[in-house]
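# Overview (structure and organization)
Listed below, chain by chain, are the residues.
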Amino acid sequence: LQPQLQVPGRTYRTLTAGSWFTCGVTATWTAECWGLGNASQLGFTAAFGWSTTPGTVSAGVHFKQVSAGHDFSCGVSVGARAWCWGSNSAGKLGNGMVFSNRPHPVVSAERFREVAAGNSHACGLTLDGRALCWGGGSGRSPILSSSIPLAVPTTLRFKTISAQGFTT
């Protein structure tokens, strides 16, 4: 059994805080976000400006995990696909879009168990523990960027991931 966080009127399996906004996954696997939506990072139509109440991330996708970054968000669906939305500076949405106010799949055949959104990049862990990153720096170098996931060059397998580093 996974612990659940309580917010008046809602039950959340997980919460994540980004820059000026928060997202969570509800007990029914729906992603919701609230706060500043100046770059569509809240994931629902008309999400520019402030939202003081949680809004449903529109995509018709059931999420098991979400991660809020600086001005974008990513999540992993129940089907283990990575999805991102918001600002796409440096290719951090992993799908070639300029920006998106709703989730779109990251361009990858990989299946993910977790994603982490940072300032200008995102990283994900595959089901077998390999790390892939995309966006500014792509987790590989401060000067390389990629709009599609690239494998972190190592034979190590990881248990958890963050946008700042990895834990073996």
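A brief look at the structure comes next. (Residues numbered from 1 in each chain as written. Predicted model: local features only at pLDDT ≥ 70, side-chain atom pairs only at ≥ 80, totals over all residues. Heavy atoms only, no water.)

### Digging into the nonpolar core
In plain terms, the rule: Definition used in this section: a nonpolar core is a set of buried Ala, Val, Leu, Ile, Met, Phe, Trp, Tyr and Cys residues joined via side-chain atoms within 4.5 Å. A simple rule labels every residue: compare its accessible area, found with a 1.4 Å probe on the protein chains alone, to the largest value its type can have, and call it buried under 20%, exposed over 50%, or partly exposed in between. Numbering goes from the N terminus for both helices and strands, where a helix is a DSSP run of H or I of at least four residues and a strand is a run of E of at least two. Every residue pair with non-hydrogen atoms within 4.5 Å of one another is taken to be in contact.
Of all hydrophobic cores here, the largest spans 14 residues; its most connected members are Val 57, Phe 63, Val 66 and Trp 85. At the level of secondary structure, the elements contributing two or more residues to this core comprise strand S3 (21–26), strand S4 (31–36), strand S6 (63–68) and strand S8 (82–87). With residues near it in sequence (within four places) discarded, Val 57 still touches Ala 31, Glu 32, Cys 33, Leu 42, Gly 43, Phe 63, Trp 85 and Pro 103.

### Looking at the sheet that holds strand S13 (residues 145–151)
To keep it simple, the criterion reads: Pairing between strands requires that DSSP locate at least two bridges from one strand to the other. Axis geometry follows a simple rule: fit a line to the C-alpha atoms, using only the stretch in contact for helices, then measure angles between N-to-C directions, giving values from 0 to 180 degrees.
Across the sheet, which stays open at both edges, the 4 strands sit in the order S10-S11-S12-S13 with antiparallel pairing between neighbours. The open sheet terminates on both sides in strands that have one partner only, identified here as strand S10 (112–117) and S13. Between one strand axis and the next, the sheet turns through 15° on average, direction left out of account. Relative to S13, strand S12 (residues 131–136) runs antiparallel, the two sharing 4 bridges.

### Here's the deal with the state of the cysteines
In protein chemistry, a disulfide is the covalent bond that joins the sulfur atoms of two cysteines. Test applied: Cysteine sulfur pairs qualify as disulfides if the two atoms are within 2.5 Å.
Taken as a whole and judged by the stated rule, the model has 3 disulfides. Note that Cys 23 is cross-linked by a disulfide to Cys 33, the S-S spacing being 2.0 Å. Taking the torsion about the S-S bond as the criterion, the Cys 23 to Cys 33 disulfide, at about 105°, is right-handed. Remark: Cys 33 occurs in strand S4 and Cys 23 occurs in strand S3; sequence separation between them is 10 residues. Each member of the pair, Cys 23 as well as Cys 33, carries the same accessibility label: buried. Each disulfide pairs two cysteine sulfurs, and for Cys 123 the partner residue is Cys 133, the sulfurs being separated by 2.1 Å. For the disulfide bridge between Cys 123 and Cys 133, the dihedral angle about the S-S bond is near 105°, and by the sign convention the bridge is right-handed. With Cys 123 in strand S11 (residues 121–126) and Cys 133 in strand S12, this pair connects stretches of sequence that are 10 residues apart. What makes Cys 123 buried here is its relative accessible area of 2%. Residue classification places Cys 133 among the buried positions, given a relative accessible area of 0%. Along the chain, the cysteines that take part in disulfide bonds pair up as 1-2, 3-4, 5-6, counted in sequence order.

Nothing here speaks to function; it is all geometry.
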